[in-house]
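Overview (structure and organization)
If you want the building blocks of each chain, they are given just below.
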Amino acid sequence: MTDATEQEVVEDDLTEDDLTEDDASADEASADDVSEEEEADAPSESGDALVDRLEREGDIAADYLEELLDIADLDGDLDMDVEADRAAVSIVGADLAQLVGPDGKVLEALQELTRLAVYRETGERSRLMLDISGFRADKRSRLTKIGEETAAEVKASGEPVSLEPMSPFERKIVHDAVAAAGLRSESEGVEPRRYVVVLPAD
């Protein structure tokens, strides 16, 4: 595969993630629409075939990441799982901050490279999620709390609340937390300053 083709795969994948998140939080979207976004983007397979394919993705990703750790002379333990119809790989080590980078920028780049490694082996686009040193898990927990607390604030005041600009991944977590609290949210603004607005109940 040429470099141009690899870049196209990355750009296509990022565009799909942005569009599906934005569709989930469009002006007319309900809280149910937000929770259904992940289902709409999920593979159509089910049962053992899906699990087998995702486990293979995890194995390919783990092999690729092990080579990367060897090249970088870093120690890390790899954990593979299947979460929400995605392969999930986590790297845990004593000093892996350089693989996370400022606000997870390096982690995001490594995730895209790992997805490309899976694509080369399988010929299918991957939705694999990569976490390093618990960075993504911690962020998910913090953003879920922000969504819950903002929903409580909106319920109490009856007024909409706008949050700080976030990435599509971050907005999706907040949308899910708000929907779970029984309220509706939508995304407004233009990337990279796009943000979540939590709305009171109708």
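The present account deals with the structure reproduced in this document. (Residues numbered from 1 in each chain as written. Predicted model: local features only at pLDDT ≥ 70, side-chain atom pairs only at ≥ 80, totals over all residues. Heavy atoms only, no water.)

A short note on the nonpolar core
Counting residues in hydrophobic clusters, the biggest one holds 20 residues, and the most contacted among them are Ile91, Leu96, Leu99, Leu130 and Ile132. Going through the elements one at a time, α3 (48-72), β2 (86-92), α4 (97-100), α5 (105-122) and β3 (129-132) are the ones with two or more residues in this core. Excluding residues within four positions of it along the chain, Leu130 makes contact with Leu65, Val89, Ile91, Leu107, Leu110, Gln111, Thr114 and Arg136. (Core = buried A, V, L, I, M, F, W, Y, C linked by side-chain atoms within 4.5 Å. Buried < 20%, exposed > 50% of the residue type's maximum accessible area, 1.4 Å probe, protein only. Helix = DSSP H or I, 4+ residues; strand = E, 2+ residues; numbered from the N terminus. Contact = heavy atoms within 4.5 Å.)

Considering the sheet that holds strand β1 (residues 77-83)
Adjacent strands of a sheet form backbone hydrogen bonds with each other and so pair up, either parallel or antiparallel. Sheet architecture is open: 3 strands sit in the order β1-β2-β3, paired in mixed fashion. The sheet is open, and its two borders are formed by β1 and β3, each paired with just one other strand. Geometrically, the sheet is characterised by an average inter-axis angle of 20° between neighbouring strands, direction not taken into account. By the bridge criterion, 4 bridges tie β2 to β3 in an arrangement that is parallel. When the sheet's bridge partners are listed, Ser90 is paired in β3 with Asp131. Along the sheet, α3 makes contact with β1, β2 and β3, crossing β2 at roughly 30°. (Pairing = 2+ DSSP bridges. Axes fitted to C-alpha atoms, helices over the stretch in contact; angles between N-to-C directions.)

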